[in-house]
Amino acid sequence: MHRRFTVVTALLAGAFAVIAALPLVSACQRRASDTSFLAADAQAAAATPTTTAETVKQAGPMPSLAPLVKQLRPVVVNINSRIKPRQGRVSQRLPQGHPRVRPPQDEEDGSGDEEDSQDPMERFFRYFGQPTPNEQERRGLGSGFLIGDGLVLTNNHVVEVQDESRPGRYRPMDEIKVITDETAPGGAREFSAKVIGNDPKSDIAVLRIEGKEVEKLKYATLGDSDSVEVGDYVLAIGEPFGLQATVTSGIISAKERTQFGGPYSDYLQTDASINPGNSGGPLFNLKGEVVGVNAAIISGANTIGFAIPVNVVKQILPQLKQTGRVVRGFLGVQPQAITADMVDNLGLKSTKGALIADVVKDSPAEHSGIKPGDVVVGLNGKPVNDNSQLTRDVGVIPPGNTVKLDVVREGKPRTVEVKLAERPDEREQTGRTPSRSSGEKEQGDLLGLSVQDVTPQLARRSQLDASTKGAVVVDVAPDSPASDAGLEPGDVVVEVNRRSVNSAADYRSAVKTVKKGDTVLVRVKHGQATQYVPVRVK
């Protein structure tokens, strides 16, 4: 019995020993497993970079424009200028013809604060500080770029100012200095410069710098602005607010901006940040080619800038180098845009083309048979999309050349050859000022117009030629179709729906057939300007 008890006790003790040993084995296994995981983590930690710089280095080089900028900076220059006023005071007016997005305020509106009425479209070239009558000179700065042979391209308003003694004329700065970039051959050097050619209408000027080793300076490559697409990346380099060699980047935001500026304006819009002082500087594509010359901004909008397309510059550059001025071809027409309301009346399929509102007497267009109402849809085989394009394309063709115009007349196509003449000096057209007659007024018609025959007195009052025939508008009914279309007293109606109007009786006869819902195409003269106006009858 005692032996059996001893055996049972021994068996139980062995069982308990086995049970007690199991956690120890499990703990050892876990410890070994943990050790293996720790070893793996340690190896992984040893393989992981310890700094973010090493992470970026392993990912490869980051994209940068620095190599391109290093190549381009040497061709960009700063232009410092100085001018002495001829009179005891200094005019604060901007040069005539600079880009506008709204017309200037009338002198009769009682506004005496010129700063408040300043045009929102501002030139880059600014004078720092407000000169007083006691100051003897003004200084300004802008930008430019080298184009070879010691020539510098910039904006005309950087090197010239409006001559107060001769309205519409400009005079050069008394002193012009061109300063190269510190990265240019020879470093930052100062050269005297003079204007050898300028064109106020396109706001382009060419300077020649004088000094030693000018021929060793690097110069820019002129690209192709026609190939530029909206969304292409661009760089602007210049001296905004006197900050030398400032580089900004962006994209081409839009093309063919013609809402402001003169008849030869055709701007590239960019969101590359440009400011006063960038004026005249280059706008580069990512190939390092100049695609535009920075020229204007909208005040208060730092990312809305405008550049003159380099192809416009290339067209006039040979004349600027050779003769110092640009002589433009003259066709002798007043073109206007075509609206959707005119398409059916003109026998067209779309609004593309330039509608000839008037033909200048004894002009090349008149001698070639061009008539009011013709629609020019092509010039030398190139499509003409609107009236602005026709003006620009004709303007870059030298006088004496013969051009082929594709014309639609009363819905039928034809080709007309015209030998261009030299463009005469353009006369500034005044704004439209209503001129009411004190004579008897008749009751308005369906269009809302009261008209009478053109008399010598009315012709003088409306600034018309004495030989003008038509029906002069003496009153426009408020809220009438004519009022909505913009017709004013003083306008002279010379056509209604392509039917000639030589008198008030002709006009009344022409409008008798007009019904409500019709759109009447009225040809109107105001002073020396003529245009077609669509009038929608309510």
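Computed from a predicted model, the values in this text were never measured in an experiment.

Things to note about the overall build of the protein
Along the backbone of the protein there are 11 helices and 31 strands. Across the 538 residues that make up the protein, the buried fraction comes to 43%. Counted over contacts in the protein with a minimum sequence separation of 6, partners at least 24 positions apart contribute 62%. Approximately 29000 Å² of the protein is accessible, and the part contributed by carbon and sulfur atoms is 50%.

Description of the packing of aromatic side chains
According to the stated counting rule, one finds one aromatic pair in the structure shown. Seen in terms of ring centroids, Tyr267 and Phe306 are 6.2 Å apart; in terms of plane orientation they differ by 70 degrees. Their pairing is edge-to-face. Of the two residues, Tyr267 sits in strand β14 (residues 267-270) while Phe306 sits in strand β17 (residues 301-309), which places them 39 residues apart along the sequence. Overall, Phe306 belongs to the buried group, its relative accessible area being 3%.

Digging into unusual backbone geometry
The phi torsion at Glu213 lies on the positive side, around 60 degrees, for a residue other than glycine. By the element assignment, Glu213 lies in the loop between β10 (204-210) and β11 (221-222). Phi at Asp362 is positive, roughly 60 degrees, even though this residue is not glycine. Considering the arrangement of structural elements, one finds Asp362 in the loop between β20 (354-359) and α7 (364-367). Taking relative accessible area as the criterion, Asp362 reaches 54% and is therefore assigned exposed.

Some thoughts on the pattern of salt bridges
Applying the stated rule across the entire model yields 16 salt bridges. In this structure, Arg409 engages Asp374 in a salt bridge whose closest nitrogen and oxygen atoms are separated by 2.7 Å. Taken together, the residues span a long stretch of sequence, with Arg409 in strand β23 (residues 402-409) and Asp374 in the loop between α7 and β21 (375-379) at a distance of 35 residues. Classification of Arg409 as buried rests on a relative accessible area of 13%. Taking the relative accessible area as the measure of exposure, Asp374 reaches 1% and is therefore buried.

Some remarks on the side chain of Asp374
Looking at Asp374, its side chain comes within polar contact range of the main-chain nitrogen of Lys371, at 2.9 Å. Non-local contacts of Asp374, meaning those with residues more than four positions away in its chain, are made with Ala354, Leu355, Ile356, Gly369, Val407, Val408 and Arg409.

Examining the confidence of the model for the protein
Across the protein, the average pLDDT comes to 78, with 71% of residues at 70 or higher. Mean pLDDT across the elements of the protein ranges from a minimum in strand β3 (residues 126-127), with 34, to a maximum in strand β15 (residues 282-285), with 97. Throughout residues 15-42 the model reports pLDDT below 50, and contacts reaching past four residues in sequence, or to other chains, amount to zero contacts. The low-confidence segment residues 426-443, where pLDDT is below 50, has 36 contacts with residues more than four positions distant or belonging to other chains.

With respect to the pairing of β23
In this sheet, β23 lies alongside β21 in antiparallel orientation, the contact comprising four bridges. Counterpart to Gly378 in the pairing with β23 is Asp406. Relative to strand β24 (residues 412-419), β23 runs antiparallel, the two being bridged by eight bridges. Counted as the bridge partner of Val408 is Pro413 from β24.

Notes on the nonpolar core
Residues Phe145, Leu153, Ile204, Phe284, Val293 and Ile308 are the most contacted members of the largest nonpolar core, which totals 28 residues. Elements supplying a minimum of two residues to this core: α3 (66-72), β4 (138-148), β5 (151-154), β10, β12 (233-238), β16 (289-298), β17 and α5 (310-322). Top element by residues in this core is α5. It accounts for six residues.

Quick look at the environment of Lys469
Following the sequence through the fold, Lys469 ends up in the loop between α9 (456-461) and β27 (471-476). Judged by its relative accessible area of 56%, Lys469 is exposed. Taking the C-alpha atoms as reference points, Lys469 and Asp453, 16 residues apart in sequence, are found 8.1 Å from one another. Lys469 has contacts with Val492, Val494, Val501 and Asn502, leaving out every residue within four places of it along the chain.

So, a nonpolar patch on the surface
A surface patch of nonpolar side chains, amounting to about 310 Å² of accessible area, comprises Leu65, Tyr233 and Leu286. Within the element layout of this structure, Leu286 appears in the loop between β15 and β16.

About the thresholds
- Residues numbered from 1 in each chain as written.
- Predicted model: local features only at pLDDT ≥ 70, side-chain atom pairs only at ≥ 80, totals over all residues.
- Heavy atoms only, no water.
- Helix = DSSP H or I, 4+ residues; strand = E, 2+ residues; numbered from the N terminus.
- Buried < 20%, exposed > 50% of the residue type's maximum accessible area, 1.4 Å probe, protein only.
- Contact = heavy atoms within 4.5 Å.
- Areas by Shrake-Rupley, 256 points an atom, 1.4 Å probe, with all protein chains shown as cover.
- Phe/Tyr/Trp six-rings, centres within 6.5 Å; stacked < 30°, edge-to-face > 60°.
- Salt bridge = Lys/Arg side-chain N within 4 Å of Asp/Glu carboxyl O.
- Polar contact = N/O pair within 3.5 Å; in protein donor to acceptor, adjacent residues only side chain to side chain.
- pLDDT = per-residue confidence, 0-100.
- Pairing = 2+ DSSP bridges.
- Core = buried A, V, L, I, M, F, W, Y, C linked by side-chain atoms within 4.5 Å.
- Patch = residues over 30% accessible without salt bridge, like charges linked within 9 Å, V, L, I, M, F, W, Y side chains within 5 Å.

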